[in-house]
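# Secondary and tertiary structure notes
Listed here are the chains, written in short residue letters.
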Amino acid sequence: MEQYTTFKKLINKLEEFANRHPNINSFGFGNLIEFGKDVDNTAPLYPLLFVVPQSIDYNEGLTSYGLQIFLADRLDNDNDGAVDIVSQMSLISKDLLATFKLNEDFMYLADFDFPLVAAPFMERFNDVLAGVSTNITFNVSDYLDVCQLNPLLKSKYYIDFTEAPNLGGFKPYGYLRVSINGVVELELDGSGTTGNYELELNEGDVVSQQFIYPQTPVVAVGYGNMSISANTEPIYSDICSPGDNFTFTAETGDYYNKTYYDLDCSDSYEVNIYTRNGLWTGTSAGIYGNIQTTSPIRDFDFGINSGSTFVKSNTYDNNFGAITTITLYDNLSGFGYGRTSIVVNQNGGQIYEDNCGSPLTYSFSATSPNDVFDIYLEGDETCPILPTPTPTITATPTETPQPTPTITPTSQPTPTPSITASITPTPTPVFYNILTENSDDILTEGGDNLRREQDI
């Protein structure tokens, strides 16, 4: 059977039958008050096939059109010839049924079930007529399909973010981010953006939602519970997940998201600080410290003083898996750790103790969901007061310089006229011999010093 036979196609096929049948001269369609007019709203030529619509029934894969079909001819004088007309119109009615059951041009268009009942009539419409009318329910094959309609239909994404309290601290504990095809369309946190929201989706859109902690683009452990359904059918649910993150591809229909904060989530641990007997140095509180956590990122100093009874001074909620580091000081400059004692309990049992430690730094993290850490700090008079360390200056050795010879500068000589120098020879000593003969001294050269001294 042909798919998607519309009502108009069925009526056109009935008109085609009327036009092709040798004993039918016109075709009409409408209500009974219009009976006796053809499709051009003029007086018809008889015999006439006239169709009155009765009903349309929808079923999955099937549509049924209920029609009342009149086959009529005019009576000349009241009832004269009525039997012949009814007989002839009944035969034409059977031709119609046979055509839709057996003719290939008609049989694949629509079908109907037997038995059928035809009712003869002799009526005074606009004309005095006789004939038969038959109620026929034509069944056509079709199925529900929105493929062609889908581009025109927008799905809705309804987001319920009404339960998002600010959990305290320096900012809300996370927010919901919704992206469509990689573009952020919605960001909601617990500080004034709670409520119901609505986004439009097209078929094939890729929708991603994340519960992000804290208010940075980094997905981390949060307090979010998220559930998502498509056309009321659940497709995702996660309670207390470490950073809810879920992506789906939109199809036809509406989607619903319920995301909310939950203080009972098992992905956090609690840190409490108790102090007593704070020691005073001048006008400053005697217990100083610093606390750091990796998630949420926290790093700040504190100064506490209290009486003889332990007093709960601070409470921190940290994400499961985060590392908490506490460091104690004796003053805000960060020196002199030794005047405070510390005890750390995990779920009521002691896991760490340090008295007068120097320096006093301790790190820990949760080992099971919902751990509770109690830190007891106590100023301890028995601890020695550690002096404030004085920075030691380390001398850098230097090399002993080697003495350098002193050079006496010489003056630049004044140029003099060119003179040819003469060399005066050094005189060589000449030795003499003195001889005395006949009382006369005789002096001769060639003597030496020795002889001369002897002679003299």
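What this report covers is the structure whose coordinates are included nearby. For clarity, every value in this text was computed on a predicted model and none was experimentally measured.

In globular proteins that are soluble, nonpolar side chains generally tend to be buried together. Counting 31 residues, the largest nonpolar core has Leu14, Leu49, Ile69 and Phe138 as its most contacted members. Only helix H1 (7–20), strand E2 (48–59), strand E3 (62–74), helix H2 (82–102) and strand E5 (128–141) provide two or more residues apiece to this core. Looking at this core element by element, the count peaks at eight residues for H2. Setting aside anything within four residues of it in sequence, one finds Phe138 in contact with Leu10, Leu14, Thr63, Ser64, Tyr65, Leu67, Ile69, Phe100, Ala110, Asp111 and Phe112.

Summed over all chains, the structure comprises 18 aromatic pairs. An angle of 10° between the planes, with centres 3.8 Å apart, marks the rings of Tyr352 and Tyr362 as stacked. Of this pair, Tyr352 sits in strand E21 (residues 349–354) while Tyr362 sits in strand E22 (residues 360–364), and the two are 10 residues apart along the sequence. Exposure remark for Tyr362: the relative accessible area of 15% places this residue in the buried category. Connected via pairs of aromatic rings, a cluster forms that spans Phe100, Phe106, Phe112, Phe114 and Phe138.

Scanning all chains against the criterion turns up nine salt bridges. Where Glu16 meets Lys13, a salt bridge forms, and the shortest distance between an N and an O atom there is 3.2 Å. With Glu16 and Lys13 both in helix H1 and three residues apart, the pair spans about one turn of that helix. Overall, Glu16 belongs to the partly exposed group, its relative accessible area being 26%. Among the ionic pairs, Glu16 bridges to Arg20, the shortest N-O distance being 2.8 Å. Pair noted here: Glu16 and Arg20 are both in helix H1, with a separation of four residues, about one helical turn. Linked through salt bridges whose partners overlap, the residues forming this network are Lys13, Glu16, Arg20 and Asp105.

Here five bridges tie strand E20 (residues 340–346) to E21, and the two strands are oriented antiparallel to one another. Within E21, the residue paired with Val344 across the bridge is Tyr352. Where E20 hands over to E21, the hairpin turn is made up of two residues, of which Asn347 adopts a positive phi near 55°.

A separate point is the environment of Asn196. Along the chain, Asn196 turns up in strand E9 (residues 195–201). With relative accessibility at 59%, the residue Asn196 sits in the exposed group. The spatial distance from the C-alpha of Asn196 to the C-alpha of Thr162 is 6.5 Å, given a sequence separation of 34 residues. Other than its neighbours up to four places away in sequence, Asn196 contacts Ile159, Asp160 and Thr162.

Along the chain, Val206 turns up in strand E10 (residues 206–212). What makes Val206 partly exposed here is its relative accessible area of 37%. A sequence separation of 23 residues divides Val206 from Val183, and the C-alpha atoms of the two residues are 10.0 Å apart. Those residues in contact with Val206, other than ones at most four positions away along the chain, are Ser179, Ile180, Asn181, Thr247, Phe248 and Thr249.

Attention now moves to the environment of Ile323. Tracing the backbone shows Ile323 in the loop between strand E18 (311–319) and strand E19 (324–329). We classify Ile323 as partly exposed; its relative accessible area is 42%. Along the primary structure Ile323 and Thr294 are separated by 29 residues, whereas in three dimensions their C-alpha atoms are 5.6 Å apart. Here Ile323 is in contact with Tyr269, Gln292, Thr293, Thr294, Ser363, Phe364 and Ser365, once residues within four sequence places are set aside.

What counts, and at which threshold
Residues numbered from 1 in each chain as written. Predicted model: local features only at pLDDT ≥ 70, side-chain atom pairs only at ≥ 80, totals over all residues. Heavy atoms only, no water. Core = buried A, V, L, I, M, F, W, Y, C linked by side-chain atoms within 4.5 Å. Buried < 20%, exposed > 50% of the residue type's maximum accessible area, 1.4 Å probe, protein only. Helix = DSSP H or I, 4+ residues; strand = E, 2+ residues; numbered from the N terminus. Contact = heavy atoms within 4.5 Å. Phe/Tyr/Trp six-rings, centres within 6.5 Å; stacked < 30°, edge-to-face > 60°. Salt bridge = Lys/Arg side-chain N within 4 Å of Asp/Glu carboxyl O. Pairing = 2+ DSSP bridges.

Everything listed is a geometric property; what it means functionally is a separate question.
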